[in-house]
Amino acid sequence: MFESIRRARLQRAGLSCGKTRRKHQEGDFFDEVRTHPAGTVGVYVLFFIGVAVLMRLGTQVEDGLPAVTWLHTLYAAALGFALVSHERVALREQITDNSILLLVLGTVLMHLGLMVFVLDLSSGQSWGKTLKAVILPHAFGPLVLSVILGRRIGLFAAIYATLFGVLVCVSVSAPTYMATSALIGFTGVVLTKRVRRRNRLFMAGFYVGLVAMAFSLLLHEAAGVIGGEHVGRIMGLPWLTGALTGLVVGGLLPVLESVFGVTTDVSWLELADMNHPLMRRLSIEAPGTYHHSLVVANLSEAAAESIGASASMCRVSSYFHDIGKLSKPEYFIENMDPSANPHEDLTPRMSALVIIAHVKDGVDIAIKNNLNSRIIDVIEQHHGTSLAYYFYRQALDQKAEIEKLVRQGKAKEDDVPQVSEETFRYPGPKPQFKEAAIISIADAVESASRTLEKPNASRIETMIEEIVQARMLDGQLDECDLTIAELAKVKASFAKTLLSMMHGRIKYQKAVETPPMAPKDSREESKPRLAGDDDVPTSASSMKIVEAPFSGSHSDPALRKTRGRKSPPASAA
C-alpha cells in the first residue's frame, strides 16, 4: 500500500512512469514454508497418515483379510523411523527443502495407492496371488523419482515402497511381494541413467516388463502352479504393466515438474531450442551478446559435466542469462558500434546503472516470456554482487581530477562527486547453487578472454586463476556449494575449452597466376603458380590473386580500418 502511494507521488512529480518491474520472488513467505522445520514435520505427518489410510484400504480389497492391529502399527512406526533417519543422514544434499521432500514422500504414497488400486481391480479375477504380486506397477515410484531427482532418490523410493508395500498389500504373499518389488523397482532405477528423451521412458518400461515377464515365469515354475495359470497371461500381463508404467510416467512428468518447480534433463533439452523468440531477437538485435551466450554455454556445460552438475541446465541457462541486454544492446561492448560509444555522453555512475540494469531487465523479460524459474535464478545471480570496476575506477579518476582543481582554486568544493562502491555493485543475490556459480565464472572468463593477445595455455590458465581468485576474495562464491576440488576441475575445464576455441591456424601461402607469355610451343598453357616459386614474375602489377585466406590483420596501413573512440573493456559488461 505504502509503495503504491510513493509511486503515485513520484508519478505526479514526473519522476516515475507508474509501472512496476516484474519480480522473480514477490515475498519470503513461500521460502519460509519451504525451509521451516514445522513444514518438514507437517510433510512427515501427512505421509504417515496416508500410509495408515492405505494400510486400512489394503485389508478391504478382498474378504477375509486380517484387520490392522497394533502390531502392524508398530511395524509401520519402525519403518517410518528408518525412512526419516535415512533421509536426514544420507540425502540431505538431494532433498534440500520441504517441496522436494513432499515430492519424494508424495510419490511413494502415490505408488502405494496405485498398488491398492490395482489389487482392488484384480480382486474379481481368478488369478493366483503370485500373478497378482507380479502384475503390480512396482517401477512407478522409482522411475518417477529417478528421472526427476536422480537415481539415489530413485533407490530410496524403491526401498521404502517395498517395505511399506508389505504392510499395505496384505492380500499377496509378503516374500513374493518383497522380492518382486525390489527386483522390478531397482531395475527401473538402473534403466533411467541419462534419460534425455521421453521415448527412453517407454523403453525403460519395455525392459522392466521383460524382466517382470521372466521373473513371473520363474516364480510360477518354482511354485509349481504354472499349469493352473495360462502361460500367455503369466507372461503378457507383467510385460503390459511395465510398458504402461513407462507411458504413464512419461505423461505425468510435466505435471510434477510444473507443480513442484523441478526440471528434468528431458525438459532442459526441450528448452534448448535456438528458435525460441528471445534467442531469435538476441541474434538479430544483439548479435555480439548472442555469440557471447553461445560461448558461455559451451564453457559452462563442459565444466558442469566435469563435476557432475547439471550440464543441460548450464547450457540452457547460459543461452538466456544476458537477455536483459535486449533493452539497450548498443550500450554493451560486444554490440557497440566502434565509431559511436554512447558511454561518452554519460557519467560513470549513469553508465554503471545502465550496465547493471540488464540483470533486472533480464528477470523482467524472462517472467514476461514464462521462462523456467531456474533460468530466472541464473539471470539474477550470474553477476552476484560484483563490482562494475571499469566505471567505478573511472568515477574515482574523475573525482581525483576535480579534487585537484579544487586545490588549485579552479573548482568549488561542492563540485566534488560522491563515489560510493555500493552504487557500482550489482544487486545480487550471489550464486546460490553450483550451476549458477559456474555460469557466473564462465561469463567473466569469456569476456576477459577477448582481451588476451596471442593466447596460449599459460596465459589462459593465469587469466582464469586470477578471475576465480578475485571472485573468491570478493565473497561471490560464499553462498554456493562448490568445493575447492570441484573449483579446480572447473578451472581446468575452462582452460581446455578456451584453448581449443582459440587455437591458431596455419598461414597458407598466396596462390597467384601469371599472365600469358609468348609461348615457345602453342600447346603450352599458363598454369597457376605459388608465390615463392622461382619463376614468379617480380612485377607486382603482373600478379593476379587467386586465393588469399584471411589469417590476420592487414599490414597495409591504408587498408586498416580507423579505430573509433575508446570503449569500455568486455569485462565491464
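Here is what the cut-offs are and how they apply
- Residues numbered from 1 in each chain as written.
- Predicted model: local features only at pLDDT ≥ 70, side-chain atom pairs only at ≥ 80, totals over all residues.
- Heavy atoms only, no water.
- Helix = DSSP H or I, 4+ residues; strand = E, 2+ residues; numbered from the N terminus.
- Contact = heavy atoms within 4.5 Å.
- Areas by Shrake-Rupley, 256 points an atom, 1.4 Å probe, with all protein chains shown as cover.
- Phe/Tyr/Trp six-rings, centres within 6.5 Å; stacked < 30°, edge-to-face > 60°.
- Buried < 20%, exposed > 50% of the residue type's maximum accessible area, 1.4 Å probe, protein only.
- Lys NZ or Arg CZ within 6 Å of the ring centre and 35° of its normal.
- Axes fitted to C-alpha atoms, helices over the stretch in contact; angles between N-to-C directions.
- Parallel < 35°, antiparallel > 145°, perpendicular 65-115°, else oblique.
- Left-handed = near helix turned anticlockwise from the far one by under 90°.
- Salt bridge = Lys/Arg side-chain N within 4 Å of Asp/Glu carboxyl O.

> So, the overall build of the protein chain: which residues are in play, and what are the values?
Within the protein chain, the secondary structure is distributed over 21 helices and three strands. A fraction of 75% describes how many contacts in the protein chain between residues 6 or more apart in sequence connect residues 24 or more apart. Element-wise, carbon and sulfur atoms account for 57% of the exposed surface of the protein chain, whose accessible area totals about 31,400 Å².

> Any chance you could break down the packing of aromatic side chains for me, citing the residues and the numbers?
Two descriptors summarise a pair of aromatic rings, namely the distance from one centre to the other and the angle between the planes of the rings. Inspection of every chain in the model, using the stated rule, returns seven aromatic pairs. On the numbers, 5.8 Å between centres and 90° between planes, the contact of Phe206 with Trp239 is edge-to-face. Linking Phe206 in helix 10 (residues 198–223) with Trp239 in helix 11 (residues 231–260), this pair joins segments that are 33 residues apart in sequence. Since its relative accessible area comes to 26%, Phe206 is described here as partly exposed. Through successive ring pairs, a cluster of aromatic residues spans Phe47, Phe48 and Phe164. Lying across the ring of Phe433, Arg374 places its NZ or CZ 4.1 Å from the centre.

> Report on the packing of helix 4 (residues 70–90) against helix 8 (residues 151–168), specifying residues and quantitative values.
In a pair of packed helices, the angle between the axes and the distance between the axes together describe the arrangement. Relative to each other, helix 4 and helix 8 sit at 175°, their axes nearing to 10 Å. Between helix 4 and helix 8, the interaxial angle falls into the category roughly antiparallel. For the pair helix 4 and helix 8, the contacting residues are His72, Tyr75, Ala76, Leu79, Gly80, Ala82, Leu83, His86, Glu87 and Ala90 in the first and Arg152, Phe156, Tyr160, Leu163, Phe164 and Leu167 in the second.

> Would you mind going over the packing of helix 14 (residues 287–307) against helix 19 (residues 434–449) in detail, with residue names and values included?
Between helix 14 and helix 19, the shortest axis-to-axis distance is 9 Å and the interhelical angle comes to 135°. Taken together, the axes of helix 14 and helix 19 lie oblique to each other. The two elements helix 14 and helix 19 cross, and the hand of that crossing is right-handed. Two secondary-structure elements touch here, helix 14 through His292, Val295, Val296, Leu299, Ser300, Ala303, Ala304 and Ile307 and helix 19 through Lys434, Ile438, Ile439, Ala442, Asp443, Glu446 and Ser447.

> Describe the pattern of salt bridges, and please don't skip the residues or the numbers.
The full count for this structure, using the stated rule, is 14 salt bridges. With a closest N to O distance of 2.8 Å, Arg425 and Glu421 form a salt bridge. For Glu446, the salt bridge is made with Arg450, and the minimal N-O distance between the two is 2.8 Å. A relative accessible area of 48% places Arg450 in the partly exposed class. One connected set of salt bridges, linked through shared partners, spans Asp322, Lys325 and Glu334.

By themselves, these observations are geometric and do not establish any function.
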